[in-house]
Amino acid sequence: KSCKEETQLDRNRNIRNFSWKDLETWVNLLNEITISVNGTSLMDLELAKQMLSQPSCNPEQNCFLAEVDNTTVGFTLITPELPIQRAIISGGVVNQYRRAGIGRALLEASIEQATTLRASVLHVQTEFENTSAKCLYETCGFQPVRNYSRMTWSGDTVPVPKLPAGFYIRSFGKKKDAEILTDLQNTVFNGSWGFSPNSVEQIKTRLKFKTSDPEGIILATSGSEDVAYNWTLRDPTDTHPTGQISMTGVRPDHRNLGLG
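Residues numbered from 1 in each chain as written. Predicted model: local features only at pLDDT ≥ 70, side-chain atom pairs only at ≥ 80, totals over all residues. Heavy atoms only, no water.

### Describing the sheet that holds strand β5 (residues 121–124)
Reasoning step 1: Strands sit in the order β1-β2-β3-β4-β5 across an open sheet of 5 strands; the sheet is mixed. Each having just a single partner strand, β1 (13–17) and β5 make up the two edges of the open sheet. Between one strand and the next, the sheet's axes are offset by a mean angle of 20°, whatever the strand orientation.
Reasoning step 2: As paired elements, β1 and strand β2 (residues 63–68) share 5 bridges and run antiparallel to each other. Across the sheet, residue N14 finds its bridge partner in β2, namely E67.
Reasoning step 3: Packing against the sheet, helix α4 (residues 102–116) makes contact with β1, β2, β3 (71–81), β4 (86–93) and β5, and its axis sits at approximately 155° to β2. (Pairing = 2+ DSSP bridges. Helix = DSSP H or I, 4+ residues; strand = E, 2+ residues; numbered from the N terminus. Axes fitted to C-alpha atoms, helices over the stretch in contact; angles between N-to-C directions. Contact = heavy atoms within 4.5 Å.)

Here's what the structure looks like:
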């Protein structure tokens, strides 16, 4: 289908950098945009501060807000992954201000910032059904490169895995487990599409997120060697919380044994 033409707003429009005093506004904006896309909110103030405080985030340089008549109506956040010379864009515009050139202005600011960061690849992810966003990206020179599936498990009973002989499951929590988890994750995903190696500092920061419970990180162990892991998260909502498998994998030399 052809894209509908954008209509410019005859109002005072401004694109500016995020500052920490914008945190609550940013959280409300993110949730409003997310609810309009998939019907659920993602964020509260505590989690937002934890996420934006990650060592590589630097939101005061890498996050932009769009304002119309002093009302914040959209944002974009650039996540740099400079070990692989990549940056990722996320963001959006509230429903009533879409197709008015605001998304394009935010995207242009993000492309300029990604260039400043010396990223050679810029990726953005969108829902398959979001035709207006896909149209915007395509007219700005983006091309589809990867499809993801969001899968949901439901059932009355939780399946109990049968471990291969010689292996056992343990929870995260030993003294050197942050280093072990970092090495395990980097080894498991080495060479995988779009994976940027993690530092121990990055892993320790994510372990402090309110959505990450150490007991929700399980490792498959043989003898003294941890060879597989599953890092689960839980969303911050108090009612009907949703669990998520964030990262999971098996070392190459222990695959095809049923550990996955």
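Read on for the rest.
### Some remarks on the packing of α4 against helix α5 (residues 131–139)
Reasoning step 1: Axis separation between α4 and α5 bottoms out at 11 Å; the angle between their running directions is 50°. Put simply, α4 runs oblique to α5. Crossing hand, α4 versus α5: right-handed. Residue-level inspection shows G103, R104 and L107 of α4 in contact with α5, the latter providing L136, Y137 and T139.
Reasoning step 2: Residue classes in the contact of α4 with α5 are distributed as 3 nonpolar, 2 polar and 1 charged. (Parallel < 35°, antiparallel > 145°, perpendicular 65-115°, else oblique. Left-handed = near helix turned anticlockwise from the far one by under 90°. Nonpolar A, V, L, I, M, F, W, Y, C, P; charged D, E, K, R; others polar.)

### Points about the nonpolar core
Reasoning step 1: In terms of nonpolar packing, the biggest core is built from 39 residues, with W26, L52, V73, F75, L77, Y97 and I102 touching the most fellow members.
Reasoning step 2: Elements that contribute at least two residues to this core include exactly α1 (23–38), α2 (45–52), β2, β3, β4, α4 and α5.
Reasoning step 3: Apart from residues no more than four positions distant in its own chain, V73 is found in contact with L29, A66, V68, G92, V93, V94, Y97 and I102.
Reasoning step 4: Counting residues in each nonpolar core, the second largest holds 13 residues, with F172, L181, F189 and I217 among its members. (Core = buried A, V, L, I, M, F, W, Y, C linked by side-chain atoms within 4.5 Å. Buried < 20%, exposed > 50% of the residue type's maximum accessible area, 1.4 Å probe, protein only.)

### Overview of the side chain of T205
Reasoning step 1: Residue position: T205 is located in helix α7 (residues 200–207).
Reasoning step 2: Given a relative accessible area of 18%, T205 falls into the buried group.
Reasoning step 3: Of the polar contacts made by the side chain of T205, one reaches the backbone oxygen of E201; its length is 2.9 Å.
Reasoning step 4: Dropping the residues within four chain positions of it, T205 is found in contact with Q54 and P55. (Polar contact = N/O pair within 3.5 Å; in protein donor to acceptor, adjacent residues only side chain to side chain.)

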